[in-house]
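What follows is each chain in one-letter form.
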Amino acid sequence: MPSTRRTARQSDLLERLVALLTAEGFASFTLDDLAERLRCSKTTLYQLAGSKQDLVKEAVKHYFRGAAEEIEKRVAATTAPADRVLVYLETVAEQLRPLSRRFLDDMADFRPAREVYEANTRLAADRVRQLIAEGVAAGAFREVHAAFVGEVAAATMRQIQQGEVGARTGLSDSEAYAQLASLIVYAVSS
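Note that the structure is predicted; figures quoted are calculated from it, not measured.

Asker: Sorry if this is basic, but what is going on with the packing of helix α7 (residues 111–137) against helix α8 (residues 146–161) here?
Answerer: The angle between the axes and the distance between the axes are what describe a pair of packed helices. Put simply, α7 and α8 touch, their axes get as near as 8 Å, and they point 155° apart. When the interaxial angle is binned, α7 and α8 end up roughly antiparallel. Here the hand of the crossing between α7 and α8 comes out right-handed. On the side of α7, the interface is formed by Arg-114, Tyr-117, Glu-118, Thr-121, Ala-124, Ala-125, Val-128, Arg-129, Ile-132 and Ala-133, while α8 contributes Ala-146, Ala-147, Val-149, Gly-150, Glu-151, Ala-153, Ala-154, Met-157, Arg-158 and Gln-161. Class assignment of the residues belonging to the contact of α7 with α8 gives a composition of 12 nonpolar, 3 polar and 5 charged.

Structural data, given as structure tokens:
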């Protein structure tokens, strides 16, 4: 069973794995391929996770955990309610930008990875609802039904995550989040 506490070497390996998978996807890689590309043994990879599927899921979770930390750090440094919503969604867009289309497609096709993305999308939608409600309560936004606006944002976020927005508009996930940020702030501004 892989340890939840990682050595510096394991942490570095996980970072390199995330960089490789987000750039090139993961469906076509075998464990042998990954070990060769990362210049390590399969045993070393098994110290991170017990199978290729678990390794992919761990890499996806690690990526989104780091993205969420960066997003919240930037929101915490922002005070104006409209700016907080913009910063939140624009930072989501920024965090999605490095993800290759192959990675996003592989994630959509691999249930454990897709579930991680879906869970993060739900958390992001909840956070947008919260930011809108805070802005309404502070009087920075016009009186809108924050839960409704949040639900519209959540529905759009799910469509972005599922690739529907990109298929219909040609926008990348990152570009779609940037457009959503602009739309929401405009809609709730006084």
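Asker: Can you walk me through helix α6 (residues 101–109) in this structure?
Answerer: In an α-helix, one turn spans 3.6 residues, which is why side chains three or four residues apart end up on the same side. All of the buried residues along α6 are Phe-103, Leu-104, Asp-106 and Met-107. Angular distribution of buried residues about the axis of α6 spans 165°; they occupy a single face of the element.

Asker: When you look at the environment of Ser-172 in this model, what are you seeing that I'm missing?
Answerer: One can find Ser-172 in the loop between α9 (164–169) and α10 (173–188). A C-alpha to C-alpha distance of 8.5 Å links Ser-172 and Ile-160, two positions 12 residues apart in sequence.

Asker: Any chance you could explain the pattern of salt bridges here in plain terms?
Answerer: Across all of its chains, the model carries 17 salt bridges by this definition. The partner of Arg-6 in a salt bridge is Glu-58, with the nearest N and O atoms 2.9 Å apart. Of this pair, Arg-6 sits in the segment before α1 (8–24) while Glu-58 sits in helix α4 (residues 52–76), and the two are 52 residues apart along the sequence. By relative accessible area, Arg-6 is classed as partly exposed at 27%. When the shortest N-O distance is used, the salt bridge between Arg-102 and Asp-106 registers 2.6 Å. Remark: Asp-106 and Arg-102 occur in helix α6; sequence separation between them is 4 residues, near one turn of the helix. Given a relative accessible area of 43%, Arg-102 falls into the partly exposed group.

Asker: Just to check I follow, could you spell out the environment of Lys-61 for this structure?
Answerer: Within the secondary structure, Lys-61 sits in helix α4. You can call Lys-61 partly exposed: its relative accessible area is 32%.

Definitions and cut-offs
- Residues numbered from 1 in each chain as written.
- Predicted model: local features only at pLDDT ≥ 70, side-chain atom pairs only at ≥ 80, totals over all residues.
- Heavy atoms only, no water.
- Axes fitted to C-alpha atoms, helices over the stretch in contact; angles between N-to-C directions.
- Helix = DSSP H or I, 4+ residues; strand = E, 2+ residues; numbered from the N terminus.
- Parallel < 35°, antiparallel > 145°, perpendicular 65-115°, else oblique.
- Left-handed = near helix turned anticlockwise from the far one by under 90°.
- Contact = heavy atoms within 4.5 Å.
- Nonpolar A, V, L, I, M, F, W, Y, C, P; charged D, E, K, R; others polar.
- Buried < 20%, exposed > 50% of the residue type's maximum accessible area, 1.4 Å probe, protein only.
- Arc of directions from axis to C-beta.
- Salt bridge = Lys/Arg side-chain N within 4 Å of Asp/Glu carboxyl O.

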